[in-house]
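So you can see what is in the structure, the chains are spelled out below.
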Amino acid sequence: MKAFVTAVAVVGFSAVLTYVGLVTFDQSTAQRYEDGSVVLLDHPTSWEVD
Amino acid sequence: MSDSAGGVRGRDFTGYRIAGAIAALIFLFLLAWQVVLLFAADSTVRPEVAIRAAGDSPGMHSGMIAAETLAARTRLLDERFRTGPSPEAEVPALAEGRANLDSESMTDGSAYTRAWSVPTEDEAAMMHQPDRIEGISSLPYSNAALFERPFGRDWRIGMSDIITHMGALAILGMAFLLSAVLALRGRVPIRQGKSGRRVHRFGFVERGTHWMTALSFLGLSFTGIAIAYGETLFVPLGERAMGTLGWWSTWGHVLFAPTFFLGLIVMAVMWTAKNLPSKLDIQWIAKGGGFFSDSGDHPPARKFNAGQKMVFWSAILGGLIMVATGVTLMFPYYWLDLAGMSWAMLIHAAIAVLLIAVFLAHIYIGSVGMHGAIDAMWSGKVDRNWAEEHHSLWLREVDPKKERTP
Amino acid sequence: MLKRRTGPRAARPAFSAGPDRAGFDRRSFLKRSGLTIGGLSAIGASGGLVARAQEQDEPSHANVPEASRHKTICPFCSVGCSIWAEVRDGVWVGQEPAFESPINQGTHCAKGAATREVALGERRLKYPLKRQNGEWVRLSWEQALDEIGSELMRIREEHGPDAVEWLGSAKFSNEMSYLFRKFAALWGTNNVDHQARICHSTTVAGVANTFGYGAMTNSFNDIRKSKSIIIIGGNPAEAHPVSMLHVLNGKENGAKLIVVDPRFTRTAAHADEFVRIRPGADVGFMWGLAKIIFDNGWEDEGFLRQRVFGIEKIREEASHWTEEEVERVSGIPPEQLHRIARTLAENRPGTLVWCMGLTQSTIGNNKTRAASVLQLILGNIGVSGGGTNIFRGHDNVQGATDLGVSCDTLPAYYGLNEGAWKHWGRVWDLDYDWLKGRFASKDLMEAPGIPVSRWMDGVLEEGEALDQPAPLKAVVFWGHASNSQTRGPDRKAAWKASDLIVVVDPYPTQTAVDADLEDGMYLLPSGTTLEMAGSVTNSNRSIQWREKVINPVFEAKADTEIIYRFADRLGFASEMFKHIAVDDGVPSPEDTLREINRGTWTIGYTGASPERLKAHMEQQDRFDSITLQAKGGSIDGDYYCLPWPSWGTPAQGHPGTPLLYDVSKPVSEGGLPFRARWGVEHEGQNLLAEDSWTKGSEIEDGYPEITVNMLEALGWANELTDREKLMIVAVAADRFRWDMFEMSDDDVSGAMRALEEAVRNEQSGDGAPAQVDGSWQNSSPDGGDRMPPDEARSFFPNYPDNALTAIEAYLQANIQNEPTDGMSLSEKIARVNWKTDLSGGVQRVAIAHGLAPFGNGKARAVVWTFPDEVPLHREPLYTNRRDLLPEYQTFEDRRVWRLPSLYRSVQEVDHSQEFPLALTSGRLVEFEGGGDETRSNPWLAEFQQQMFAEINPKDAADAGIEDGGWVWVATPVGRIKVSAMVTNRVGPGTVFVPFHFAGMWMGEVHYDRYPEGAMPYVHGEAANTAQTYGYDVVTQMQETKATLCRVEKA
Amino acid sequence: MARAKFLCDAERCIECNACATACKNEHEVPWGIVRRRVVTINDGEPDEKSIATSCMHCTDAPCVSVCPVSTLYQTDIGVVLHDKDTCIGCGYCFYACPFGAPQFPKATMFGSRGKMDKCTYCAGGPEEDHSEAEYRKYGANRIAEGKLPICAEVCSTRALLAGDGEMIGEIYRERVIHRGYGSGAWGWNTAYYPEEDGA
């Protein structure tokens, strides 16, 4: 019982952590290819609907 | 559940076996439907939407099909180019780009697809054999230099015609089998009934890891199934629900991955030694784990019997493949190109449905299917009699003094 | 399966909450609907758009607000594609193909297709800025003009008007070009120039001196009728993509397409024959072809005899160019050379296309002349499907050249001598003495200024080295990217040494980031070409009317408004805009064009009134896409947008000249012979056409350019109307009054009497009309001819009587000769000619009798006024073929215009060990010129995100360079750090760099120096930072196609 | 039955990128998403060819078939469209596409690819024609105005043809007969005639 509850907590916590991580390190396709000599649009793409 | 609820097979006949029978019927129906789909359904894509001219288009009478408008415009590309603008080549009114075309639903588009897929002789002469063609592009993007990869069509067959259907068959088939077993044979009892004395089988870390992995697996399975079969599952809830639930499924699928991976590693460290194959496993398999025998003549096993070992190795090997392919898909192009990622996706999907089927059985046997099994992971302590019947050799190892129980 | 939602349904609220709302980027939609562009005024309007969309309960197509449509002309290259712009609420929201345009037929290249971004202008220069203590500081327009004006006046006071260099632009409309040249004239300097100097000045000089006019002879569309197409040093697939619509059609009609280039270009990929030539070896290649043609008797003998002068000297030069020698110099194998010669000979008419691969060279004028002569040998000039089709660069580089944004000529190639100034003084309604007073001296007024390619030397040279009182103190870059000029380090030093740098441009340009001045630099935002109306002349001389699409965005102002405000601040606006209406600071483009119409007799912009051009644009669909001739409507018979020369006044209705030098048509219908530009005789040889004349000509042989005396002698003078006579007499007597242009017929006779009276009272007029000609085309004083009239009959034995009459009359009042003092009025009247007659009467009467106003002469295969009479091959200044130097060495150092120009002293230094590879440069399709505009356009910039150098796999392997890695391309001048593209496009030993980049300087990042919000999306090293010294000996064209470099891993 | 197709005449295509930038202009496609692009094969070699490519709007389109959530659908003129409201960014269409057409605004994480985007044949999406929502998600809807995709309409050399497959095939064949050479309809077999595979 305790083990199960602990597992629920761990999974939940990890999911939240992952979500935060993904959102934090999110990159647009354009940024992915940035190489210094390219300066990207200073606004997000118009189609990010997520 | 009282102690007397254990004991020989058949004591809990009514409740579980009726439920099993009902479930078996439902799964049989779903399975049959899936088989029918597999053989009957033509997976060819059909148009669903028609583009029609609206009534108020200038220069068009109502009902004139959109195709004529577009054809007039196409002619503009050609004749304007060849003869150039001049009074002899007046622009047809239809080509002026002031038409109004609407979309409406179509009921049967199969005729279109059939007609489209047959080239005329002239067209056939123009065509190349399908071939992977890649060149260069000034765009720095991965894949920008790709022109054609006929493999996409093969992938589609692999994904939508084989894995999706086969996966559904495997999962539904397994579910049907398990519920049929329940209906026909009921739960696996503790033949000697519960002794009331318990033996410590799994520690806190072991159980915690098991449940962490199990919960992650369930999360991944449900979200994965939602992704793969979303169309079938969510449509009854409405189109918007499909978008929203599907969207959260893709997110959830990623969110459960880290704990799943962590669980796999810990389990591997903890249990690999005890899961190495041994001679006993052959014996166990030969007797079908004693599952189909009413005699109570269970084959002897140490901590893990062959069935559990198979589940373990499915989890570890299958799980690691899932993690490897999954991470690959999370980081497009980092180490694989499009072809590699396509294969990763196929493998990911194929292994996923197999694992779900295998773990359906695991879940069944660990819960409804067998008296006393759930205790091992729930409290960590199992009844001595259960242990004696299923893991006699292990029981002797952990508790050699009390070898025999009257 | 899911049944898709199908029928139309109610629109969702525009800015609804909900999952699909979250990531909606307001800006990009608002941008389209105008909120962020038009400023406050647009908010109400486009808010209305949103409201309308919301109010639509019933699904309907009516919720698309009506957009107004404007037809405009693409602002990029000289093909001149039409564009439909859809404007809603003052915002350019849509761009549609103009299928009816006979030139592009709806098509575009990358740049044309992305034109609309110009109007969104996220990276535009948004307001005036100045550099103060190394920082950009925002200014108001008033303040900026005031500060710049004061500084300019100070420099003028202290150093004279010649201390300011006015660099104009090939992006100017014709009207702006004309105003810019007029502005420089009224400021008092000839230090005015534009990009034509560094793109096709050698073409203009070479071709004008060969045929008479310095322009593309045929049209893009006419290439469809060619039987062979040879492109030398050009890459139209990237530089003029829409021209390939016609080139490829020509090829598909059976023409053989030959591409000669050091690089396997995108054009070469479509060629039947690709010729890899060593950079700079073009003259040898062409003479090699000529030799084979002569040896086999494939030349067009009749054509050469009737219409070409001096071919014998060419024969002699060509005879040195054996197949072996051609291979030794150019690397072209004999079999291939022979095959090409045969192809050209057997597939006539053939056209020859060249671009900067020929022109940008120390011997650029030799190359362009050799190419022209090759076409003469083949008889390919003046025929449909033939011609020298020179694809010009920017959208209006032809017009800006024609209208004299140039240090060595006034509008319409009138040159700089006294006669030319007087001519334009009459048109401008300005007194000659007043004009002269604006200049430091009459000598400087008549001396060519400092060309754009040399402006840095104009700043840095001093004293003896400089033929003007002071070095340049201020440089104005008006629509001019400085990374298009070579020798980066010298440019940088020159910026440092300047007192004032002004950049007038929609974008900051390289000047803003690399000049790194603490103070004294101003950036003024000008509108783009799409933000003002006016005419533009495309490469095939069609003068298209460009509608204004939108008002200039942000605080930008139209070029014409800025120049008006400058003139106003500098105190000569009332003189400059005497006859041009100015509405709220914006000069009327129609009035300006009418003024142009009144003065540009030499090249026939005179017929192209704004009304006629607008009618052409409105009825584009009437023009045939091959002949460019209209069928029906008010413009029946006209050629598309009156390709110049469109002779006479607009009222005369000349249809324009689609093919230059085509004698199969009457002059009145667009026919022309070669121009009798250099007199009637040279070194005892006839310069007039023999047995060749335009259809319907009443003189059935050659004749000199038309003068009043000739009309008189031929008995046609009385066909001149009273008004024409009045204006001719007024011009002759130097009594022209501007109101004569607009005088009613009743007033004409009165004015004539008054004029006669005045002249009688003051018998000896002081000035003289006449002798005007462009300096690029200038016949030097020892040119022309001094034949006594009475020798004409014996010199031209086989000519018909009326031809001889004409020649005698011409020689009697010889306009080639300097006028003398004390010449009688009637003599002066006799010398008024087709170029100086402001009434157009001389042209009208000549054409009525089937004569070309500029005479009927021969093309010149040799130009005796140029350093190389016969076009010769000379090695580039930086050459790694030292073995060729004894025979093919360059010129002696010399002075050209106001500066020393080095040749031998540069070539003598051997760099070939240190820099073993040949370096050439060129264009990318996505970018244009210095690239600031196009690199600031995200739709274009995305497709070329990095500056690179193309290196052959062999050279790359030698230097240990990998594809995509960073490399240094080093030249004797400097080095640039670029990405390597290892490719077989270039041959071993050759490196290619595109030239559109800026923002990096020899490995240093400079793009952080752009003013905030005005940084282009893509940066890189400017190729010209490392390009070396070298200038054409005639026009000061810079050498960028053949120098030396070394590549090494960075 | 009209069947909209794309055909790129590789003998005409000069890699001028007009198609690609016109698309960007017409639909305001953001940086990083390229609905149409040009691929050059055998670069720098005598048999160099450039071919413009995008979604080909396949017959029996693999992307439609594999889409697990029915985001993709086809119209009766063959145009394959997508519904961004239901897209879950799973990437199946991307693996199934024989032409590399589907794009995602984010490329790093499986979970955050964003909504798939691809060429719409300038036919918008399931939203109301010309509505702001349609423009925002899918770009302009030219088909509803009786116009063809902008890429083909502006192609500098008329290499890229769009419209009814039979018509553009006929135009192409006439060209080939007239000029005597042609390298065929690139990608057609894979895109439009899957039954012909291996035949």
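Nothing here was measured: the structure is a model prediction, and the numbers come from that model.

S.K.: Account for the overall build of chain C, naming residues and giving values.
M.R.: Tallying secondary structure elements over chain C gives 40 helices and 34 strands in all. Residues classed as buried in chain C amount to 71% of the 1050 residues present. Put simply, 74% of the contacts in chain C that link residues at least 6 apart link residues at least 24 apart. Here chain C displays about 29,400 Å² of accessible surface, and carbon together with sulfur accounts for 47% of that area.

S.K.: Got a sec to walk through the overall build of chain D? Specific residues and values, please.
M.R.: When helices and strands are tallied, chain D shows seven helices and six strands. Listed N to C, the secondary structure of chain D is β-α-β-β-α-β-β-α-α-α-β-α-α in terms of helices and strands. Of all 199 residues assigned to chain D, the portion counted as buried reaches 89%. In chain D, the proportion of contacts linking residues at least 24 apart, taken out of those at least 6 apart, comes to 55%.

S.K.: I'd love a proper account of the interface of chain B and chain D, names of residues and values included.
M.R.: A common way to report how large an interface is uses the accessible area buried once the components associate. Each partner contributes residues to the interface: chain B has 88 residues there, and chain D has 102 residues. Both sides together, the interface formed by chain B and chain D hides about 8,100 Å², and carbon and sulfur atoms give 63% of it. Applying the counting criterion to the chain B and chain D interface returns four salt bridges. Notably, a salt bridge pairs Arg156(B) with Asp60(D), separated by 3.0 Å at the nearest N-O pair. For the side of chain B that touches chain D, the per-class residue count stands at 48 nonpolar, 22 polar and 18 charged.

S.K.: Explain empty space enclosed by the protein to me, and be specific about the residues and the numbers.
M.R.: Residue and element names in this part refer to chain C. Reported here for the largest cavity is a volume of approximately 550 Å³. In this structure, the largest cavity is lined by 39 residues; those nearest its centre are Lys171, Gln195, His394, Gly929 and Gly930. Here the lining of the largest cavity gets three residues from one element, more than from any other, and that element is helix α38 (residues 932–935). When the residues that make up the lining of the largest cavity are grouped by side-chain class, the tally is 11 nonpolar, 21 polar and seven charged. Domain assignment of the residues forming the lining of the largest cavity places at least three in each of domain 2 (139–198 + 397–603) and domain 5 (882–1049).

S.K.: Account for unusual backbone geometry, naming residues and giving values.
M.R.: Residues and elements named next belong to chain C. The step from Arg348 to Pro349 runs through a cis peptide bond, and the omega angle for that step is 0 degrees. With respect to the element layout, Pro349 can be found in the loop between α15 (334–346) and β12 (350–354). Of note, the phi angle at Met1002 is positive, near 50 degrees, even though the residue is not glycine. For Met1002, a relative accessible area of 24% puts it in the partly exposed group.

S.K.: Before we move on, can you summarise the confidence of the model for chain C with the specific residues and values?
M.R.: Residue and element names in this part refer to chain C. When pLDDT is averaged across chain C, the result is 88; 91% of the residues are at 70 or more. Contacts for the low-pLDDT stretch residues 1–64, under 50 throughout, to residues beyond four places or in other chains number 128 contacts. For the stretch residues 764–784, pLDDT sits under 50, and the model shows 69 contacts to residues farther than four places along the chain or on other chains.

S.K.: Before we move on, can you summarise the pairing of strand β9 (residues 256–261) of chain C with the specific residues and values?
M.R.: All names here are of chain C. Among the six residues that make up β9, five are buried, leaving the element largely enclosed by the rest of the structure. In the sheet, strand β8 (residues 228–232) pairs with β9 via five bridges, with the strands oriented parallel. Among the inter-strand pairings, Ile231 is bridged to a residue of β9, identified as Val259. Sheet topology places β9 next to strand β10 (residues 273–276); four bridges connect them, and they run parallel. The residue bridging Val260 from the neighbouring strand is Val275, located in β10.

S.K.: Run through the sheet that holds β10(C), naming residues and quoting values.
M.R.: All names here are of chain C. The strand order across the open sheet built from five strands is β10-β9-β8-β12-β13, with neighbouring strands paired in parallel fashion. Looking along the sheet, the strands with just one partner apiece sit at the ends: β10 and β13 (388–390). Neighbouring strand axes in the sheet, compared pairwise and without regard to direction, differ in orientation by 20 degrees on average.

S.K.: Tell me what's going on with the side chain of Asp117(D), and back it up with residues and numbers.
M.R.: Counting through the fold element by element, Asp117(D) comes out in the loop between α3 (92–96) and α4 (132–138). There is a polar contact of 2.8 Å between the side chain of Asp117(D) and the side chain of Lys84(D).

S.K.: So what's going on with the nonpolar core? Residues and values would help.
M.R.: Counting residues in each nonpolar core, the largest one holds 287 residues, and the members touching the most others are Phe285(C), Trp428(C) and Trp455(C). Excluding residues within four positions of it along the chain, Trp428(C) makes contact with Tyr178(C), Lys182(C), Ala185(C), Leu186(C), Leu410(C), Trp421(C), Leu435(C), Lys578(C), His579(C), Glu595(C) and Trp738(C). Counting 139 residues, the second largest nonpolar core, distinct from the first, contains Leu70(B), Trp211(B), Leu329(B) and Phe6(D).

S.K.: Account for the pattern of salt bridges, naming residues and giving values.
M.R.: According to the stated counting rule, one finds 98 salt bridges over all chains in the structure shown. We note a salt bridge from Lys5(D) to Glu123(B), for which the minimum N-O separation is 3.6 Å. Of the two residues, Lys5(D) sits in strand β1 (residues 4–8) while Glu123(B) sits in helix α4 (residues 121–126), which places them in two different chains. Since its relative accessible area comes to 3%, Lys5(D) is described here as buried. For Arg881(C), the salt bridge identified is with Asp883(C), shortest N-O distance 3.0 Å. Through salt bridges with shared partners, one network takes in Arg73(B), Glu96(C), Glu26(D), Arg142(D), Glu145(D), Lys147(D) and Glu153(D).

S.K.: Please provide a residue-by-residue account of the pairing of strand β3 (residues 91–97) of chain C, values included.
M.R.: Residues and elements named next belong to chain C. Burial analysis of β3 places seven of its seven residues in the buried class, the great majority of the element. Bridge analysis of strand β2 (residues 82–88) against β3 gives six bridges, and the strand direction is antiparallel. From the neighbouring strand, Trp84 faces β3, where its bridge partner is Glu96.

S.K.: Residue-level account of helix α13 (residues 311–318) of chain C, with values.
M.R.: Residues and elements named next belong to chain C. By the burial criterion, the buried members of α13 are Ile311, Ile314, Glu317 and Ala318. Each buried residue of α13 sits inside an arc of 115 degrees when the element is viewed along its axis, so together they form one side. Exposed residues pointing more than 90 degrees away from the buried face of α13 are listed as Glu312 and Glu316. Where the residues of α13 are buried, they touch α11 (282–295), α12 (301–307), β11 (308–309) and α17 (364–377).

S.K.: Can you tell me about the sheet that holds strand β30 (residues 990–994) of chain C, naming the residues and giving the values?
M.R.: Residue and element names in this part refer to chain C. Around the barrel, which closes on itself, the six strands sit in the order β26-β30-β27-β29-β28-β34 with mixed pairing between neighbours. Averaged over neighbouring strand pairs, the angle between their axes works out to 45 degrees when direction is ignored. Where strand β26 (residues 917–922) meets β30, five bridges bridge the pair, whose relative direction is parallel. Across the sheet, Leu919 pairs through a bridge with Val991, a residue of β30.

S.K.: Requested: an account of the packing of α11(C) against α13(C), with residues and values cited.
M.R.: Residue and element names in this part refer to chain C. Direction vectors running N to C along α11 and α13 enclose 105 degrees, while the axes themselves pass 9 Å from each other. The angle between α11 and α13 places the two elements in the roughly perpendicular class. The segment α11 lies against α13, with Trp287, Ala290, Lys291 and Phe294 engaging Ile311, Ile314, Arg315, Glu317 and Ala318. Partitioned by chemical class, the residues of the contact of α11 with α13 number six nonpolar, no polar and three charged.

Reading the values: rules and limits
Residues numbered from 1 in each chain as written. Chains lettered and ligands numbered in written order. Predicted model: local features only at pLDDT ≥ 70, side-chain atom pairs only at ≥ 80, totals over all residues. Heavy atoms only, no water. Helix = DSSP H or I, 4+ residues; strand = E, 2+ residues; numbered from the N terminus. Buried < 20%, exposed > 50% of the residue type's maximum accessible area, 1.4 Å probe, protein only. Contact = heavy atoms within 4.5 Å. Areas by Shrake-Rupley, 256 points an atom, 1.4 Å probe, with all protein chains shown as cover. Buried area = accessible area lost by both parts, 1.4 Å probe. Salt bridge = Lys/Arg side-chain N within 4 Å of Asp/Glu carboxyl O. Nonpolar A, V, L, I, M, F, W, Y, C, P; charged D, E, K, R; others polar. 1 Å grid on protein atoms, 1.4 Å probe; cavity = no way out; pocket = protein on both sides within 12 Å on 5 of 7 lines; lining within 4 Å. Points joined across faces, edges and corners; volume = space filled by probe spheres on them. Domains from an automatic or database assignment. pLDDT = per-residue confidence, 0-100. Pairing = 2+ DSSP bridges. Axes fitted to C-alpha atoms, helices over the stretch in contact; angles between N-to-C directions. Polar contact = N/O pair within 3.5 Å; in protein donor to acceptor, adjacent residues only side chain to side chain. Core = buried A, V, L, I, M, F, W, Y, C linked by side-chain atoms within 4.5 Å. Arc of directions from axis to C-beta. Parallel < 35°, antiparallel > 145°, perpendicular 65-115°, else oblique.

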